[in-house]
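Observations on chain architecture
Below, each chain spelled out in residue letters.
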Amino acid sequence: MLRTVFQAFTSPVAGLVGFGLALVLCAMLVATTISAGRNERVLSARIQALTAENQRNGLALHARLAACEGGPADLARQQVATAALTPQQRAQRLAAKEPVGFDVCARMESADRAVLETLK
């Protein structure tokens, strides 16, 4: 048995088979590298798009929060007072004192939900 295996590896055909196998493995490695590079570029572009969308959504939500926090009379005072607060503290403050624009924002959200439900 061991003699048969030794003869198979030392035969002249074994070198050609080994060389062919090495070429196939090299081609597979190149294909995998190209595919991985392509996937990396696609995923990187998707990450950039999601980051930009996240920033736009953050700005829109920040603007809506600022609109809900108070009327124009005390807007400057509110901005200074809420500048150092965390988003959770700002939300707690909003819920505690029910600011001027709170009803308007609630109605806008209700209308948004109604429109989205009709689109489904």
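Along each chain, residues carry numbers from 1 onward, in the same order as the chain's sequence is written. Since the coordinates come from a predicted model, pLDDT governs what is reported: local features require at least 70, and pairs of side-chain atoms require 80 or more to be given and counted, while whole-chain, interface and lining totals use all residues. Each side-chain value is worked out from all heavy atoms of the structure, with water and hydrogens disregarded.

Description of the overall build of the protein chain
The condition that has to hold: Secondary structure elements are defined from DSSP: runs of H or I of at least 4 residues count as helices, runs of E of at least 2 residues count as strands, and each element is numbered from the N terminus. Here's how the labels work: a residue is buried when its accessible area is under 20% of the maximum for its type, exposed when over 50%, partly exposed in between, all with a 1.4 Å probe on protein chains only.
Helix and strand counts for the protein chain stand at five helices and zero strands. Element order for the protein chain, N to C, with α for helix and β for strand: α-α-α-α-α. Out of the 120 residues in the protein chain, the part that is buried amounts to 10%.

Quick word on the confidence of the model for the protein chain
This is how it is decided: pLDDT expresses, on a scale from 0 to 100, how confident the predictor is about each individual residue.
For the protein chain, the average pLDDT comes to 78, and 72% of its residues sit at 70 or higher. For the protein chain, per-element mean pLDDT is lowest for helix H3 (residues 75–82), which scores 57, and highest for helix H2 (residues 12–69), which scores 89.

Structural notes on a nonpolar patch on the surface
Here is the rule: Surface patches are drawn from residues lacking salt bridges whose relative accessible area is over 30%; two like charges belong together within 9 Å, two nonpolar side chains (Val, Leu, Ile, Met, Phe, Trp, Tyr) within 5 Å. Using a 1.4 Å probe, accessible areas were evaluated by the Shrake-Rupley method; residue-level cover was limited to the displayed protein chains. Salt bridges are counted wherever a side-chain nitrogen of Lys or Arg sits within 4 Å of a carboxyl oxygen of Asp or Glu.
Together, Leu-21, Val-24, Leu-25 and Met-28 make up a nonpolar patch on the protein surface, roughly 400 Å² of accessible area in all. Looking at the element boundaries, Val-24 is found in helix H2.

Regarding the environment of Thr-10
Note the threshold: N or O atoms closer than or at 3.5 Å make up a polar contact, with two conditions inside protein: a donor-capable atom paired with an acceptor-capable one, and, for residues adjacent in sequence, both atoms drawn from side chains.
Within the element layout of this structure, Thr-10 appears in helix H1 (residues 2–10). Among the polar contacts made by the side chain of Thr-10, one reaches the main-chain carbonyl oxygen of Gln-7 at a distance of 3.4 Å.

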